[in-house]
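A look at the structure
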Amino acid sequence: MNDTRLLGLILVFAPLSLISFGGGQAIVADMQHQTVDVQHWLTDRQFVDLFALSRAAPGPSTLIAALIGWQVAGFLGAIVATLAIYIPSSIAVYGAVRWWHASKDSPWRGALERGLAPVAVGLVFAGALAVLEAAHVNALQIFTTVIAAGLLISTRVGVYTIMAVAALSYALLQFL
Amino acid sequence: MSLEHSPETPRVPLLALMSVFFRVGITSFGGSTAAWLYRELVENRGWLDEDGFVTALTLAQVLPGANPVNLAIYVGSQLRGGIGGAAAAFGMVGPAFCVILALGFLYAQFGNSPTAHAVLGGLAAVGVAMTLSIGVKLARKVRKPVPVLIAATLFVTVGVLHWQMIPVVLVLTPISIGLERMAGRKKSA
């Protein structure tokens, strides 16, 4: 049972690793789809909770894979999922960096840089939508997202300040 | 690939490489990794010059994988080849991995309490805002009609219509890069 689940984690995360242009945010949509709808490892609510934890924690957002792995198959699951999400993309980056330095005058360098940017943008926004859908957001959460996004985009307010205020307000609202 | 550096710069010990990224990994909360790395790598240690750092940032962003980890692989492999890249990436991810496991453990204990769920609901809303702000930042580079169309197609097919992400990306990515290459050729001709 556990072996099947570990193998499942690799089969879900390793391919996503290779297309995570723009980082972990880019593959959130498919992670949600695979772990909730296809594999039934998590409920929508658990997925959104783990997404929230991975954003509140330090480090890259891809570490949501470790949290999912932990939920699916314990400590070993966390290790396996983390390796599956990092190793394929890391090997690709290593190869791409070597190629980059070996082909200084190649016109493909600019084409690669400019051609990957729109892919990343489309995937990142799809990821935001996927979490909003899975969270079955209420009006207060949409309000929070809009205000927080506005602050992050147009001011220098730190994300941890915003998170602390949000966490505190949501906890207090529980007791009203 | 470390040839560019080896004659004049001294060989950086693997442990030093790992410990720099380890330190950045535990101190750079909240996505300020690039700023910390700039201070450590360019200003304090001189392992990269300004141009090298900009190239590293650009590549780390467009290639698959997490930005900070990709930066670590770039710098590590520049200085010490593949093994250097692995050491730097391990230093970068290790501390964050331990923190996330601790959070996962707490979630397993307390995740079902209504207050925890309420707080996580708030954090998820801010998390989506972080994703949106990254999307907006990346979108500043996407201005011309064709790239905008490609970004929009990806968003609609994957985000709205729930098409399978991997095939869509495998089709659109080569098209996007190919079109940019053709546009570049036309300009230089």
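Figured I'd write up the structure that's included with this text. (Residues numbered from 1 in each chain as written. Chains lettered and ligands numbered in written order. Predicted model: local features only at pLDDT ≥ 70, side-chain atom pairs only at ≥ 80, totals over all residues. Heavy atoms only, no water.)

Quick word on the overall build of chain A
Quick reminder of the rule: Strands are runs of DSSP state E lasting at least two residues, helices are runs of H or I lasting at least four, and both sets are numbered from the N terminus onward. Think of it in three bands: with a 1.4 Å probe and only protein chains considered, a residue is buried below 20% of the maximum accessible area for its type, exposed above 50%, and partly exposed in between. Note on definitions: a residue-residue contact is assigned when non-hydrogen atoms from the two residues lie within 4.5 Å. For the accessible areas, the method is Shrake-Rupley and the probe is 1.4 Å, while residue cover comes only from the protein chains on display. All tallies of charge rest on Lys and Arg as positive and Asp and Glu as negative; His and the ends of each chain are not included. Throughout, a charge is located at the NZ atom of Lys, the CZ atom of Arg, the CG atom of Asp or the CD atom of Glu.
For chain A, the count of helices and strands is seven helices and zero strands. In chain A, the order of α-helices and β-strands from amino to carboxyl end is α-α-α-α-α-α-α. In terms of principal-axis extent, the alpha carbons of chain A reach across some 65 × 50 × 25 Å. Considering chain A as a whole, with its 176 residues, one finds that 58% of them fall into the buried category. Here the analysis covers contacts within chain A between residues at least 6 apart in sequence; of these, 58% occur between residues at least 24 apart. Accessible area for chain A stands at about 7300 Å²; split by element, carbon and sulfur atoms hold 68% of it. Computed over 8 positive and 8 negative side-chain charges, the inter-centroid distance for chain A is 13 Å.

Quick word on the interface of chain A and chain B
Formally: In this description, buried area is defined as the sum, over both parts, of the accessible area (probe of 1.4 Å) that is lost when the two are combined. Between Lys or Arg on one side and Asp or Glu on the other, a salt bridge is scored when a side-chain nitrogen of the former is within 4 Å of a carboxyl oxygen of the latter. Polar contacts, as used here, are pairs of N or O atoms within 3.5 Å; protein pairs need one atom able to donate a hydrogen and one able to accept it. Residues neighboring in sequence count only if both atoms are side-chain atoms. Note on residue classes: Ala, Val, Leu, Ile, Met, Phe, Trp, Tyr, Cys and Pro are nonpolar, Asp, Glu, Lys and Arg are charged, and everything else, Gly too, is polar.
In this assembly, 91 residues from chain A lie in contact with 78 residues from chain B. When chain A packs against chain B, the two sides together hide about 7800 Å² of surface, and 79% of this comes from carbon and sulfur. Of all residues in chain A, Pro58, Trp70 and Phe125 of chain A give up the largest surface area on contact with chain B, accounting jointly for 7% of the area buried on that side. At the junction of chain A with chain B, the criterion picks out one salt bridge. With its nearest N and O atoms 3.1 Å apart, the salt bridge here joins Glu180 of chain B to Arg114 of chain A. One can count twelve residue pairs in polar contact (both at pLDDT 80 or more) joining chain A with chain B. Looking at the side of chain A that touches chain B, the elements with two or more residues in it are α1 (2-18), α2 (28-38), α3 (44-56), α4 (64-102), α5 (108-134), α6 (139-154) and α7 (159-174) of chain A. Broken down by element, the side of chain A that touches chain B gets its largest block of residues, 22 residues, from α5 of chain A. Here the residues of the side of chain A that touches chain B are counted per class, giving 62 nonpolar, 20 polar and nine charged.

Observations regarding the pattern of salt bridges
In this structure the tally under the stated criterion is four salt bridges over all chains. For Asp49 of chain A, the salt bridge identified is with Arg45 of chain A, shortest N-O distance 3.9 Å. With Asp49 of chain A and Arg45 of chain A both in helix α3 and four residues apart, the pair spans about one turn of that helix. Since its relative accessible area comes to 1%, Asp49 of chain A is described here as buried. Here Glu40 of chain B and Arg45 of chain B are joined by a salt bridge, their closest N and O atoms 3.3 Å apart. Several salt bridges converge on common partners, so that one network encompasses Arg23, Glu40 and Arg45 of chain B.

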